[in-house]
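# Residue-level structural notes
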Amino acid sequence: MLDLHHIFAVQKRALFFLLALCALGWGFTPYQTVFAGIAIGAFFGTYNFWILVRRMEKFDRSISEGKKIGSLGTALRFGSGVAAVAIAISLPNYFHLISTVIGLMIPYVFLFVERIVSHVRNR
């Protein structure tokens, strides 16, 4: 589980860097809605990853104690994604819908890239 916490810490650092880039893009380019959509999507995507980390800790504890295994929070993470898209749909003057969906997937792309880098380092 320590490895999962390390991955989440790297994810948070990457999120802060991405949010800084989105703030610069929002402030200095004419694509303000696109950068705002990526930012809100990445924020909700990182929130989903945080939920997954918490649920995996609970899952690990339940396995080690021999208790009944609960859900991994799929409905809560799905609801969070729907909330991000609902915000983008209800405020189209501020958030671009497609970039919000792309932003939701950014933490998973970071995770994939981090796993590839980790695999290459350990070879």
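First, a word on what this report is: a plain description of the structure on this page. Because the structure is predicted, anything quoted here is derived from the model rather than measured.

### Points about the packing of aromatic side chains
Throughout the structure, instances matching the rule amount to three aromatic pairs. Between Phe43 and Phe44, the aromatic rings sit 5.9 Å apart at their centres with planes inclined by 85°, giving edge-to-face as the arrangement. Exposure remark for Phe43: the relative accessible area of 48% places this residue in the partly exposed category. A relative accessible area of 15% means that Phe44 is categorised as buried. Look at Tyr47 and Trp50: their rings are 5.8 Å apart centre to centre, the planes differ by 35°, and that puts the pair in the tilted class. Taken together, the residues Tyr47 and Trp50, both in helix α2 (residues 32-65) and three residues apart, mark about one turn of the helix. Judged by its relative accessible area of 32%, Tyr47 falls in the partly exposed class. Of the residues examined, Trp50 reaches a relative accessible area of 33% and is grouped as partly exposed. Lying across the ring of Trp50, Arg54 places its NZ or CZ 4.5 Å from the centre.

What counts, and at which threshold
Residues numbered from 1 in each chain as written. Predicted model: local features only at pLDDT ≥ 70, side-chain atom pairs only at ≥ 80, totals over all residues. Heavy atoms only, no water. Phe/Tyr/Trp six-rings, centres within 6.5 Å; stacked < 30°, edge-to-face > 60°. Buried < 20%, exposed > 50% of the residue type's maximum accessible area, 1.4 Å probe, protein only. Helix = DSSP H or I, 4+ residues; strand = E, 2+ residues; numbered from the N terminus. Lys NZ or Arg CZ within 6 Å of the ring centre and 35° of its normal.

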